Amino acid sequence: MTRKMAVVCLGNPILGDDAFGLLVARELEGTVGADILSLEGGGLDVALKLIPYSQVLVVDAIETVAGKVGEMVELTVEELATSKGLEGHALSLAQALEALQLLSGDALRSVEILACRIRPVETYGEAISPAVRAAVRQCAKRAKAWVLEGAPARNL
Amino acid sequence: MKRIVINPATRLEGHAKIAIIMDDNGEVQDALFQTVEFKGFESFCLGRNAEELPVITSRICGVCPWAHHMASVKATDALFSAPPPPTALKVRELAYNAFMVHDHSAVFYALAAPDLLLDPDTPRAQRNILELVKRIGRDTGAKVLTLRKAAADILTIVGGRATHPIFGCPGGISRGLTAEDISTIREKSRQLVELAELTNKVFEDSVASKKEFVDLFNTDAFVNRSYYASLVGKDGRISFLDGDVRVIKPDGSPFEEFKPESYLDHFEEASLPWTYMKFPYLKNVGWKGLREGEDSGVYRVGPLARFNVAKGFSTPKAQTKFELFRDTLGSPAHQTLAYQWARVIEILHAAERVTELVDDAELGGKEIRSPLGKVGEGVGVVEAPRGLLVHHYKADERGVVTFVNLIVPSTHNNSGICLSVKKAAQHLIKGTDIPEPVFNRVEMLYRAYDPCLACGTHSLPGSMPLKFELYDSSGRLLRAEARGL
């Protein structure tokens, strides 16, 4: 079976550092032999876009209060999922990915997450902080290696 | 009881919080729904070309972008004195109804259905769409997703993208529909109706026909007797895109009706110290605090408000369901949980409307945009899935933005949400040992409104964090639950 790979880059371009994923997508475009998806939508619709793929790398920002801005972290869907807690508007990405795994069965072989730490976003704007901008190239490099070697992102 | 001041400045990672404060007797004294709004949208847009705003504002939200896009487009129609030609209006309406199917169905299956279709004692860790899929079966779950994808496909055909459209522009739309587009949409519209009928059947079989759920809906603590506001069409029926704003009293009698552009004469906003989100109220009643009833200016918007304000739907299948709703719950229906039922019926109306519009002779017309006229001021009001959405802009003679004001549905509903959470908490919570099903009941009231609190951020964990905090009468934190890493 041919494996189809995708790098899914998430972000919102008018919420500052939350645009991180979209910047990585721009950096990757045309440089790797995998589909690069640049998405700004919510959980369930992101999951639906992943149906054709057997290996997925999700690139996104992750909010931190005390952590170092611009630092990269690797996560699995299980680590991302917080099954305790309250449900608000829309489906969380973690649940959407879990739902996708449930519905796809064996067709979806792996989902990994590569995230850049950012400060919580509370203000509209297009400015990107220097530390996050510097992380874009590093993240793109790791994503390229993931595509080329097919190895888990956390090993790269 | 000691006075507790919850300083919103202390919240760090949470975008919203429910704080329950107990009195000395272990009874709920107060329940506060505290939210943080993203700041600075109005200043961010100043100096921009007004024609950019429909594309920019759709990015306020990753789940309901079409609502902002459409309200913004309507505001720029007015700002540029460019009423769109009939073809553009028909295409916009078709797309918007496809979006309503798309949005409402996600809310129902992801948020409402786990509450209503799973056992009440299902642990919170399992009260979600994953457990729902396991319960209804993978095949049915996959079918729902496939049918819902038809709505996304229609939005992509019409808007260029399902999520953040590049579609509407001042005076019309950027691209018309070809005969092939219309043929594809026609085929997919049948899938929308199939999804809508399936969803309504699921709801009626599992909820509306069951006495325990009707009794739950009618529980006094889950009822808020408020005013309601929504758009109504010329025929008095529910309208998502056009018409005047009608407001009714808690007893269902008319209160006022006005053109959308005069909203500032009718809505005013109050501020309370413990939350950033404002509390809109009816100016001609006045702000009397967080209270329900005819002498309070609190009003609600959204599916339940639309059902109460209008006299029904223009499409036959949805109208039949509307009458069943009224026969079951009365009119006006003040039962907050009934928002979920109204939502499900609206999916059917929206699907039917797509099937009607796709056969409209004007849909494939070539006149898709009017020339722009004098620049000034524009107000665009739509019924977003969650309720009345207002976009108000002013620009200078070059079309550069000088003023932006947005009122989103969840702001309109802020008072309603606070009242619902408080009443539910006071009814359900006795003492500090709260069983999980009780805790979930309080959340159900909040979820009924499906508040959208600037969900446009993607930063992981990919959803809006919501904290729950329980305080005793001395202000000591007894319990806290939250999502987040």
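Anything mentioned here points back to the structure above.
Residues numbered from 1 in each chain as written. Chains lettered and ligands numbered in written order. Predicted model: local features only at pLDDT ≥ 70, side-chain atom pairs only at ≥ 80, totals over all residues. Heavy atoms only, no water.

Chemist: What am I meant to see in the side chain of B:E204 here?
Modeler: All names here are of chain B. Looking at the secondary structure, you find E204 in helix α7 (residues 179-208). Exposure remark for E204: the relative accessible area of 16% places this residue in the buried category. What E204 contacts, discounting residues up to four positions off in sequence, is S209, K321 and L324. (Helix = DSSP H or I, 4+ residues; strand = E, 2+ residues; numbered from the N terminus. Buried < 20%, exposed > 50% of the residue type's maximum accessible area, 1.4 Å probe, protein only. Contact = heavy atoms within 4.5 Å.)

Chemist: Which parts of the structure should I look at to understand the pairing of strand β5 (residues 110-118) of chain A?
Modeler: All names here are of chain A. Across the 9 residues of β5, 8 count as buried, placing the element largely inside the fold. Here strand β3 (residues 55-63) runs beside β5; their pairing, made up of 9 bridges, is parallel. Bridge assignment links V56 to a residue of β5, and that residue is V111. (Pairing = 2+ DSSP bridges.)

Chemist: How should I be thinking about the nonpolar core in this particular structure?
Modeler: The nonpolar side chains of a soluble globular protein tend to be buried with one another. If you look at the biggest cluster of nonpolar residues, it comprises 120 residues, and the most contacted ones within it are B:I20, B:Y96 and B:F325. No other element matches helix α4 (residues 86-117) of chain B, which puts 15 residues into this core. With residues up to four places along the chain from it excluded, the contact list for B:Y96 reads B:W66, B:A67, B:M70, B:F240, B:L241, B:V382, B:E383, B:A384 and B:P385. Counting 49 residues, the second-largest nonpolar core is a separate cluster that includes A:A25, A:I36, A:V121 and B:A82. (Core = buried A, V, L, I, M, F, W, Y, C linked by side-chain atoms within 4.5 Å.)

Chemist: Just checking my understanding: could you explain the sheet that holds β5(A) for this structure?
Modeler: Across a sheet, paired strands are connected by hydrogen bonds in the backbone, their directions being either parallel or antiparallel. Residue and element names in this part refer to chain A. Ordered by their spatial adjacency, 5 strands build an open sheet running β2-β1-β3-β5-β4, and the pairing between neighbours is mixed. Each edge of the open sheet carries a strand with a single partner, namely β2 (35-39) and β4 (72-76). Neighbour-to-neighbour, the strand axes of this sheet turn through a mean angle of 25°, independent of strand direction. The sheet contact formed by strand β1 (residues 5-10) and β3 spans 5 bridges and is parallel. (Axes fitted to C-alpha atoms, helices over the stretch in contact; angles between N-to-C directions.)

Chemist: Would you take a moment to explain the packing of helix α13 (residues 414-428) of chain B against helix α14 (residues 436-449) of chain B for this structure?
Modeler: Angle between the axes and distance between the axes are the two parameters that describe a pair of packed helices. All names here are of chain B. With their axes 9 Å apart at the nearest point, α13 and α14 run at an angle of 165° to one another. Taken as axis vectors, α13 and α14 run roughly antiparallel relative to one another. For the element pair α13 and α14, the recorded crossing hand is right-handed. Contact residues: G416, I417, S420, V421, A424, A425 and L428 in α13; V438, R441, V442, L445, Y446 and Y449 in α14. Residue composition of the contact of α13 with α14, by class: 10 nonpolar, 2 polar and 1 charged. (Parallel < 35°, antiparallel > 145°, perpendicular 65-115°, else oblique. Left-handed = near helix turned anticlockwise from the far one by under 90°. Nonpolar A, V, L, I, M, F, W, Y, C, P; charged D, E, K, R; others polar.)

Chemist: Would you explain the pattern of salt bridges in this entry?
Modeler: Residue and element names in this part refer to chain B. Counted by the stated rule, this structure contains 38 salt bridges over all chains. A salt bridge links D360 to K90; its shortest N-O distance comes to 3.2 Å. Of this pair, D360 sits in the loop between α11 (338-357) and β11 (377-384) while K90 is found in helix α4, placing the two residues 270 residues apart along the sequence. Its relative accessible area of 18% is what places K90 among the buried residues. Residues joined by salt bridges that share partners form a network here, namely K90, D360 and E362. (Salt bridge = Lys/Arg side-chain N within 4 Å of Asp/Glu carboxyl O.)

Chemist: What is the right way to read the pairing of strand β6 (residues 244-248) of chain B from this model?
Modeler: Note on strand geometry: in a regular strand, side chains alternate between the two faces of the sheet. Residues and elements named next belong to chain B. Note: strand β5 (residues 227-232) against β6, 5 bridges, orientation antiparallel. If you follow S230 over to β6, its bridge partner there is R246. Pairing geometry for β6 and strand β7 (residues 254-258), over 4 bridges, is antiparallel. Within the sheet, the bridge partner assigned to V245 lies in β7 and is F258. Following β6, the chain reverses through 5 residues before pairing antiparallel with β7; G252 in that reversal takes a positive phi of roughly 95°.

Chemist: Explanation requested: the environment of A:A47 in the structure shown.
Modeler: Position of A:A47 among the secondary structure elements: in helix α2 (residues 43-49). A:A47 sits 49 residues away from A:A96 along the chain, and the two C-alpha atoms are 5.6 Å apart.

Chemist: Any chance you could explain unusual backbone geometry here in plain terms?
Modeler: Note: most residues except glycine have negative phi, and most peptide bonds are trans. Residue and element names in this part refer to chain B. Each neighbour pair has its own omega, and for S331 with P332 the value is -5°, a cis peptide bond. Its place among the elements puts P332 in the loop between α10 (316-329) and α11. A positive phi angle, near 50°, is found at S81, a position not held by glycine. If you trace the backbone, S81 turns up in the loop between α3 (65-79) and α4. The backbone of D450 shows a phi angle near 45°, a positive value even though the residue is not glycine.

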